[in-house]
Amino acid sequence: MRFSKTLTNWYSVNKRELPWRQTIDPYTIWLSEIILQQTQVKQGLPYYYSFLDEFPSVHHLAEADEEKVLKLWQGLGYYSRARNLHGTAKYIVNELNAEFPNTYKGLLKLKGVGDYTASAIASICFNEPAAVVDGNVYRVLSRYFGIDTPINSTKGIKEFKALAQELIDKEMPGEHNQAIMEFGAIQCKPKNPDCNICPFNDSCIAFSEHRITELPVKLKKLKVKKRYFNFLVLLSEDFNTVLEQREGKGIWQNLYQFPLIETESEMDIEEFRAKIKDNELLNESRYRLSLYNEKSIIHKLSHQHLYTKFWILNIDEIKTKSIPVNNIKNYPVPILIGNFIDTFRFK
DNA sequence: AAATCGGGGCA
DNA sequence: TGCCCAGATTT
C-alpha cells in the first residue's frame, strides 16, 4: 500500500495530459490500448486522433471496410492489430449488441486483447483490480525489488504478474495501473534515469546496489543453429585410433577430436557408408562400420546445437597418422568427445 | 518455448 | 548498432 501511495502521489504531480485519460469509455480506452501496444505514446498519438475522428464509435469502425482501417493504420506497424481491431469491432457490434465485455476474463476473449490489454481496460473502465504488466512495469518492479528473473521467461512472466497483482490498489486500480506505467515511462526510464529525484530512491534495491543498468534482465533470443556432426572413431586391430586437431575459427579451436564429417542433416548408416566411401583415411582398407549411438547426442552450445553421432570403424590397419588408444586421454578434447571416450570401451 | 510481426526513438 | 516501446498470436 505504501508503494502504491508513493506511486500515485508521484503520478498526480507528474502525469502527462493525454486524451485517453479524459474518459473511461471502453471503446475509446480499447482503441488507445491497441494503438499503444509496443508503441510509444508520441508515435501513437496522431493515429489515436485520426481513428477517433474517422470512427467515433464502435459502430463506425464495425461498418468500415478493412481496407480503410488498414489505410488509416498505415505506418504504425504490426498490422494484425488493425485487422483484429476491425474484426473485434464487428464482433462486438454484431454478436454482443455493441456492448464491451466488462470483466478481465471476458475482455481476454477478444482477438488482439491479451493479458495486458484486458487488465488495462478492466481496471480503467470497470474498476476491476487487474494488474497490468507491460514493459514499464517489468522495469519498475525488477529495479525496485532487485529481481533478476528474466522478464521474458515463463517464470519471470508469472512472477512479475503476481507481484504486480499484490501491489495494486484495489480501490483505484485504473489509477494505480496508469501511474506505474507512467512512472516507468518518465522517471524509471530504460536509460539514464535520474534516480536523485526519484521518490523511491530511499528504498529501491537496484539503486542502493548500483544495479540500475543491469535490470531488468532479458533473455537474448538468439537463433540457435543446428549442426550435424559425424565423428569417425577408427579402431585398428592393434588398438590405434585417429585424432585430429581443430584449426581455424569457430568452436573448440585447437582442441582434438575424431575425424569429423559435418552434414546438412542426420545420416543413417547407408547414407553414411556412401558418404565415407572415398575417404582417404580408409583408402584401400577393409573395415566394418557401426553406429555407437542410435539417437543423436544433442550437445548444446550457446549459439548452436550439435546433433552428434559417433561412427565406429573397426579396421585392420590404419595407414595414416594414428595414436594408441591408451594415449587418448592425453589429448585436450571437447567435453562432447570426452564423454564419449569415458563411456566407450576401446578394448 | 520460440518465432513472428514494424516502425520510430535514443544513446 | 542494439535496445526499447502502455504485446499478442502462431508455430
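On a predicted model such as this, the values are computed, not experimentally measured, just so you know.

Q: So what exactly am I meant to see when it comes to the overall build of chain A here?
A: On a plain count of helices and strands, chain A comes out with 14 helices and nine strands. For chain A, whose C-alpha radius of gyration is 31 Å, the value lies well above the compact-globule estimate of 20 Å for 347 residues. Considered along the principal axes of its C-alpha atoms, chain A spans approximately 85 × 55 × 30 Å. By residue count, 49% of the 347 residues in chain A fall in the buried class. Of all intrachain contacts in chain A linking residues separated by at least 6 positions in sequence, the fraction that spans at least 24 positions is 66%. Only carbon and sulfur atoms are counted for the fraction: they give 49% of the accessible area of chain A, which is about 19500 Å². Distance between charge centroids for chain A: 3 Å, based on 45 positive and 42 negative side chains.

Q: Before we go on, may I ask you to explain the protein's contact with DNA strand B in this structure?
A: Inspection of the region around DNA strand B gives 14 residues, with Gln 38, Leu 76, Tyr 78, Tyr 79 and Thr 154 positioned closest. Taking all atoms of DNA strand B within 4 Å of the protein, the share assigned to sugar and phosphate is 51%. Here a base nitrogen of DNA strand B sits 3.1 Å away from a polar atom, N or O, in the main chain of Gln 38. A distance of 2.9 Å separates a base oxygen of DNA strand B from a polar atom in the side chain of Tyr 78. Here the residues of the surface near DNA strand B are counted per class, giving three nonpolar, eight polar and three charged.

Q: It is not clear to me how the protein's contact with DNA strand C should be interpreted in this structure. Could you clarify?
A: By nearness alone, 27 residues border DNA strand C, and Arg 21, Gly 112, Asp 134, Arg 139 and Met 181 come closest of all. Across the atoms of DNA strand C situated within 4 Å of the protein, the share located in sugar and phosphate is 63%. Here Gln 38 contributes a backbone N or O atom positioned 2.9 Å from a phosphate oxygen of DNA strand C. Of all the secondary-structure elements, those providing two or more residues to the surface near DNA strand C are helix H8 (115-126) and helix H9 (135-144).

Q: What am I meant to see in the packing of H8 against helix H11 (residues 173-186) here?
A: For any two helices packed against each other, one specifies the inter-axial angle together with the distance between the axes. Interhelical geometry of H8 versus H11 gives an angle of 130° and a closest axis separation of 7 Å. Classed by the angle they form, the pair H8 and H11 counts as oblique. Viewed along their axes, H8 and H11 form a crossing whose handedness is left-handed. Taken together, the residues of H11 that come into contact with H8 (itself represented by Tyr 116, Ser 119, Ser 123 and Ile 124) are Pro 173, Gly 174, Asn 177, Gln 178 and Met 181. Its residues placed into classes, the contact of H8 with H11 shows four nonpolar, five polar and no charged.

Q: Could you clarify how one ought to interpret the domain arrangement of chain A in this entry?
A: Interface size is commonly expressed as the accessible area that is lost once the parts come together. For chain A, the domain assignment lists domain 1 (2-214) and domain 2 (225-343). Once you take the C-alpha centre of each, domain 1 and domain 2 turn out to be 55 Å apart.

Q: Can you help me understand the pattern of salt bridges in this one?
A: Side-chain pairing between opposite charges can occur once the charged atoms of the two side chains come close. Across all of its chains, the model carries eleven salt bridges by this definition. One salt bridge connects Arg 16 with Glu 182, and the closest N-O pair in it is separated by 2.8 Å. Here Arg 16, found in the loop between helix H1 (2-14) and helix H2 (26-35), pairs with Glu 182, found in helix H11; they are 166 residues apart in sequence, far enough to count as distant. For Lys 161, the salt bridge goes to Asp 115, with nearest N and O atoms at 2.8 Å. Residue Lys 161 is found in helix H10 (residues 154-167), and its partner Asp 115 is found in helix H8; the two are separated by 46 residues along the sequence. We classify Asp 115 as partly exposed; its relative accessible area is 34%. It is possible to trace a salt-bridge network through shared partners that takes in Asp 148, Glu 209, Arg 211 and Glu 214.

Q: Can you walk me through the packing of H9 against H10 in this structure?
A: It is the contact of H9 with H10, at a shortest axis distance of 11 Å, that shows an interaxial angle of 80°. When the axis of H9 is compared with that of H10, the two are roughly perpendicular. Residue-level inspection shows Val 137, Tyr 138, Leu 141 and Ser 142 of H9 in contact with H10, the latter providing Gly 156, Ile 157, Phe 160, Leu 163, Ala 164 and Leu 167. Each residue belonging to the contact of H9 with H10 can be placed in one class, and the counts come to eight nonpolar, two polar and no charged.

Q: Looking at this structure, how should I read the nonpolar core?
A: Across soluble globular proteins, nonpolar side chains have a tendency to be buried as a group. Counting 37 residues, the largest nonpolar core has Tyr 27, Trp 30, Leu 61, Trp 73 and Leu 85 as its most contacted members. Every element with two or more residues in this core is listed here: H2, helix H3 (41-54), helix H4 (58-63), helix H5 (66-73), helix H6 (80-95), helix H7 (104-108) and H8. With six residues, H2 is the single largest residue contributor to this core. Trp 10, Tyr 116, Ala 120 and Val 132 belong to the second-largest nonpolar core, a separate cluster that totals 33 residues.

Q: Can you walk me through the side chain of Thr 149 in this structure?
A: Counting through the fold element by element, Thr 149 comes out in the loop between H9 and H10. What Thr 149 contacts, discounting residues up to four positions off in sequence, is Lys 155, Gly 156, Glu 159, Phe 160 and Val 217.

Q: Would you mind going over unusual backbone geometry with me for this structure?
A: Working note: non-glycine residues mostly have negative phi, and peptide bonds are mostly trans. Following Leu 215, the chain continues to Pro 216 via a peptide bond in cis, the omega torsion being 0°. Residue placement: Pro 216 occurs in the loop between helix H12 (205-208) and strand S1 (225-236). Positioned with a positive phi, Asn 97 is a non-glycine residue whose angle comes to about 55°. One can find Asn 97 in the loop between H6 and H7. A relative accessible area of 60% means that Asn 97 is categorised as exposed.

Definitions and cut-offs
Residues numbered from 1 in each chain as written. Chains lettered and ligands numbered in written order. Predicted model: local features only at pLDDT ≥ 70, side-chain atom pairs only at ≥ 80, totals over all residues. Heavy atoms only, no water. Helix = DSSP H or I, 4+ residues; strand = E, 2+ residues; numbered from the N terminus. Rg over C-alpha atoms; globule rule 2.2 N^0.38 Å. Buried < 20%, exposed > 50% of the residue type's maximum accessible area, 1.4 Å probe, protein only. Contact = heavy atoms within 4.5 Å. Areas by Shrake-Rupley, 256 points an atom, 1.4 Å probe, with all protein chains shown as cover. Lys, Arg positive; Asp, Glu negative; His and termini not counted. Charge placed at Lys NZ, Arg CZ, Asp CG, Glu CD. Near = heavy atom within 4 Å. Polar contact = N/O pair within 3.5 Å; in protein donor to acceptor, adjacent residues only side chain to side chain. Nonpolar A, V, L, I, M, F, W, Y, C, P; charged D, E, K, R; others polar. Axes fitted to C-alpha atoms, helices over the stretch in contact; angles between N-to-C directions. Parallel < 35°, antiparallel > 145°, perpendicular 65-115°, else oblique. Left-handed = near helix turned anticlockwise from the far one by under 90°. Domains from an automatic or database assignment. Salt bridge = Lys/Arg side-chain N within 4 Å of Asp/Glu carboxyl O. Core = buried A, V, L, I, M, F, W, Y, C linked by side-chain atoms within 4.5 Å.

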